[in-house]
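This is what each chain is made of:
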Protein chains: 2
Amino acid sequence: MSEVRKRTTVGDATSSAAASRDVSDDQKEDVESEDDAKLEVEELAKALPQGTDHTPHILSSVLSGLPDRWRNWIIRTIFTWFMIAGFCLIIYGGPLALMITTLIVQVKCFEEIINIGYAVYRIHGLPWFRSLSWYFLITSNYFFYGENLMDYFAVVINRTCAHLYTCNVCNVNNGYLRVLVTYHRFISFCLYIVGFVWFVLSLVKKYYMKQFSLFAWTHVALLIVVTQSYLIIQNIFEGLIWFIVPVSMIVINDVMAYMFGFFFGRTPLIKLSPKKTWEGFIGGGISTVILGLLMSYVMCQYRYFVCPIEYSETLGRMTMDCEPSSLFQPQEYTLPSSLQLNGKSTLTIYPFILHSLSLSIFSSVIGPFGGFFASGFKRAFKIKDFGDIIPGHGGIMDRFDCQYLMATFVNVYSLKPEQQLQLFQTLRDSLENRGMLN
Amino acid sequence: MSEVRKRTTVGDATSSAAASRDVSDDQKEDVESEDDAKLEVEELAKALPQGTDHTPHILSSVLSGLPDRWRNWIIRTIFTWFMIAGFCLIIYGGPLALMITTLIVQVKCFEEIINIGYAVYRIHGLPWFRSLSWYFLITSNYFFYGENLMDYFAVVINRTCAHLYTCNVCNVNNGYLRVLVTYHRFISFCLYIVGFVWFVLSLVKKYYMKQFSLFAWTHVALLIVVTQSYLIIQNIFEGLIWFIVPVSMIVINDVMAYMFGFFFGRTPLIKLSPKKTWEGFIGGGISTVILGLLMSYVMCQYRYFVCPIEYSETLGRMTMDCEPSSLFQPQEYTLPSSLQLNGKSTLTIYPFILHSLSLSIFSSVIGPFGGFFASGFKRAFKIKDFGDIIPGHGGIMDRFDCQYLMATFVNVYSLKPEQQLQLFQTLRDSLENRGMLN
């Protein structure tokens, strides 16, 4: 492998022949463990999305004179800018637009993962299986989105009811909603049980093993895609900054690692993804930290980004206006003596910047492992990309593989301790007010 | 299949030859889809636990004169009584003993599922894989058990700190615990990420597909076993009755369905488990409702069973003493006119009895589907039982397959609405006290 490596999971757009040669190279080493792998690969190749041959006609004719490597670079860059523009547009659309986008992305990712499962286990003829997968997707979304909205609706119901306690209007208006909220988990469980019984009844003798494998496959897909989308929605509710900064960091890391790898990449990083290089990894990491901090600094100054989405009693609707929490108000930090410059012993920054530093380090060190995991998965099932919806990039899942890991990190990192502290402070204030303290 | 069917997942103890004949019968129909299945079956048969040949020596010599069918019945009955006695002993041991037992059962079930995975994918030589599975088990237990205990510890910490607010004793004593509680999810996530990175780094080229399959297998096992154990522990905290009644109902249903099937079974119930009969299903169902209600009636009268396990401020430790909630105090219900006998128009019962009725119906109608699912799983991977630890019964997982489904049902059915109501009432009381209502 003396060729110049570049950091991309996509490869050359038109060299599907080269790609399939690659696959058979891999295979020679697999002979020992899988004799009939070759036949399977060919069958799979027909059934599975094989990636990025799908380029808009006008683009491929304009770029036909260029070498493959550069043509792909241009296509990828153009579509990266399209996606960034789209992302900005959605942010401009507000939190609801973001939540709907998250839902759509989730459904597309689920579809891509499940389609690979169908192709791998070749059970096209089996009755009910597609319906069952989608049924489980709907059920688990009902559960998780409900869990998110429940807290907010519960507040709304209780408040409305508290105001109108003596009259019956509350009960009539909120009757259905209250049942849905109160019995949410029970209803979700019943829906799941229906799917479970349906699965058991749909078992057909000669397909047992494939059906169970696909059942497991569906559940792992739900675990990856749905539960983590739920965490993303939670992050949005905590304030747009908790969503936009991490997502952008992963995007920056992806793009910059590709750029550094493309221009300077020499040293292979990991066997699993031969096109990734140390140059891309390090260049991407440093860019992520710098651009991430810069971005956080700018966003800290706008209430639109830092305020959580909450129910306002005075306005009677959800709002994004608040007195920014202490995280987003400049504070003075004393520098350790080794870092003091020009006799300046203090530094005034937004405390969020420090969190932002952890986030950017996570996204540049651990984030890529999400990508390696996805690469390994693709190699395990001999596919090039998860789909072919974005020219130069592959499927939706190819671009969101690291986002899910990041979302979970953000969720557990920043929100829970804050909430715990808040709970503790509320309790303390309450005790103090009642004279039970001091 | 004209032989008398009996409702058991175990089959005859000594007829492993018959069992393997059965497997090859199955196989003729599988030829179309799996050519090399025969070889695999033989290999698997060597690697996997094949069930109940394992009978204590003394028993098999005493029973040697009996027909297989009866010998197995006697062995199964004896060990059923042993297990029931053991269960009673553990209940006598109190909630901590029950929680520890739940943990042990969970670990054994996980081990059995994972062992099947290893055998199915034949990856004995792969480095790290056993360690990784166990690491994920420990990590997820740390997370879920922590989530359970956190609520209780958080109360303890906050209360202790509130009392001792002015001095520093609180901070010193609770320092470590507080960090563990406050950052619990973050710590759990970091532990998980270590496992995730470890998995990615352990990927070996020719085993990709098997490694990913086993990764999925491990996660589905965790989903089934660990998350549901967590719900069981929650049920125990709500009061022993919420644990003992459902567990006993599943046991009653299993035992009585086996008995009815053994003596009266004629009509096959479902293709998936040819030994299950409609007679067993119906007889087991009716017995479960009757015995379940009887049992609930008796247990409702003891505080030991109905009181939740809570932290007592006056005693400074966890207690199980309380004024029983309204669920466990006799109430008068007006009967619909069609049900009135001898002019009696009311019925005085514990409200819990009504919940108990729903639980018993669930455990006799939906519960068996847990068993069918497990049967299908065993057939998919051509194994007879999950293990051979209990003579006449198979593995631990063979006896607990339905328990997990039931635990989730109990958890979502009875606890959440109660808690919601409690929250609502607390809010209302608080508002009323402050003069904001009425």
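Given the structure is predicted, the values throughout are model-derived calculations rather than measurements.

**Topic: helix α5 (residues 95–121) of chain A**
Move 1: Compared with an ideal rise of 1.5 Å per residue, which puts 27 residues at 39 Å, α5 of chain A spans 39 Å between its outermost C-alpha atoms and is within 8% of the ideal.
Move 2: A positive phi of about 40° marks Arg-122 of chain A, the residue just after α5 of chain A.

**Details of the pattern of salt bridges**
All names here are of chain A.
Move 1: Summed over the entire model, instances satisfying the criterion amount to 5 salt bridges over all chains.
Move 2: Glu-111 is the partner of Lys-108 in a salt bridge, and the nearest nitrogen-oxygen pair spans 3.1 Å. Linking Lys-108 with Glu-111, this pair stays in helix α5, spanning 3 residues, or about one helical turn.
Move 3: The class of Lys-108 is partly exposed, set by a relative accessible area of 27%.

**Considerations on the packing of helix α4 (residues 68–93) of chain A against α5 of chain A**
All names here are of chain A.
Move 1: Where α4 contacts α5, the two axes come as close as 5 Å, and the packing angle between them is 130°. By the angle between their directions, the pair α4 and α5 is classed as oblique. From α4, Phe-87, Ile-90, Ile-91 and Gly-93 reach across to α5, where they touch Pro-95, Ala-97, Leu-98 and Thr-101.
Move 2: A breakdown of the residues in the contact of α4 with α5 according to their chemical character gives 6 nonpolar, 2 polar and no charged.

**Re helix α11 (residues 278–299) of chain B**
Residues and elements named next belong to chain B.
Move 1: Its 22 residues place the ends of α11 31 Å apart at the C-alpha level, agreeing with the 32 Å of an ideal helix rising 1.5 Å per residue.
Move 2: Taken as a whole, α11 has its buried residues at Gly-280, Gly-283, Gly-284, Gly-285, Ser-287, Thr-288, Gly-292, Ser-296 and Met-299.
Move 3: Where the residues of α11 are buried, they touch α10 (241–264), α12 (303–306) and α13 (351–365).

**Observations concerning the UniProt feature "transmembrane region" (unreviewed entry) in chain A**
All names here are of chain A.
Move 1: UniProt feature "transmembrane region" (unreviewed entry): in the numbering of this structure it lies at residues 73–92, 128–145, 183–202, 214–233, 239–265, 277–298 and 349–374.
Move 2: In this annotation, residues 73–92 is assigned 100% helix and 0% strand; the end-to-end C-alpha distance for the span is 29 Å.
Move 3: Regarding residues 183–202, the helix share stands at 95% and the strand share at 0%, and the terminal C-alpha atoms are separated by 28 Å.

**Topic: the nonpolar core**
Move 1: Judged by nonpolar contacts, the single largest core of 178 residues is most densely connected at Phe-199, Val-200, Trp-217 and Ile-241 of chain A together with Phe-199, Trp-217 and Ile-241 of chain B.
Move 2: If we skip the residues at most four places from it in the chain, Trp-217 of chain A touches Ile-113, Ile-114, Ile-116, Gly-117, Val-120, Tyr-121, Phe-377 and Phe-381 of chain A.

**What about the domain arrangement of chain A?**
All names here are of chain A.
Move 1: As assigned here, chain A comprises domain 1 (64–126 + 204–422) and domain 2 (127–203).
Move 2: Opposite the 33 residues of domain 1 that make contact, domain 2 presents 24 residues.
Move 3: Summed over both partners, the interface of domain 1 with domain 2 comes to about 2700 Å²; 70% of that surface belongs to carbon and sulfur atoms.
Move 4: For the interface between domain 1 and domain 2, the tally reads 0 salt bridges.
Move 5: Here domain 1 is connected to domain 2 by 6 residue pairs in polar contact (both at pLDDT 80 or more).
Move 6: When contributions to the side of domain 1 that touches domain 2 are tallied by element, the ones reaching two or more residues are α5 and α9 (208–237).

**Description of the state of the cysteines**
All names here are of chain A.
Move 1: As enumerated under the stated definition, the model contains 2 disulfides over all chains in all.
Move 2: Cys-307 shares a disulfide with Cys-322; S-S distance 1.9 Å. Judged by the torsion about the S-S bond (-90°), the Cys-307/Cys-322 disulfide is left-handed. Linking Cys-307 in the loop between α12 (303–306) and β1 (310–312) with Cys-322 in the loop between β2 (317–319) and β3 (331–334), this pair joins segments that are 15 residues apart in sequence. The same class applies to Cys-307 as to Cys-322, namely buried.
Move 3: The closest cysteine sulfur to the non-disulfide-bonded Cys-88 is located on Cys-300, 18 Å from its own sulfur.

Thresholds, definitions, all that
Residues numbered from 1 in each chain as written. Chains lettered and ligands numbered in written order. Predicted model: local features only at pLDDT ≥ 70, side-chain atom pairs only at ≥ 80, totals over all residues. Heavy atoms only, no water. Helix = DSSP H or I, 4+ residues; strand = E, 2+ residues; numbered from the N terminus. Expected span 1.5 Å × (residues − 1). Salt bridge = Lys/Arg side-chain N within 4 Å of Asp/Glu carboxyl O. Buried < 20%, exposed > 50% of the residue type's maximum accessible area, 1.4 Å probe, protein only. Axes fitted to C-alpha atoms, helices over the stretch in contact; angles between N-to-C directions. Parallel < 35°, antiparallel > 145°, perpendicular 65-115°, else oblique. Contact = heavy atoms within 4.5 Å. Nonpolar A, V, L, I, M, F, W, Y, C, P; charged D, E, K, R; others polar. UniProt positions renumbered as here; feature names shortened; annotations may be inferred. Core = buried A, V, L, I, M, F, W, Y, C linked by side-chain atoms within 4.5 Å. Domains from an automatic or database assignment. Buried area = accessible area lost by both parts, 1.4 Å probe. Polar contact = N/O pair within 3.5 Å; in protein donor to acceptor, adjacent residues only side chain to side chain. Disulfide = S-S within 2.5 Å.

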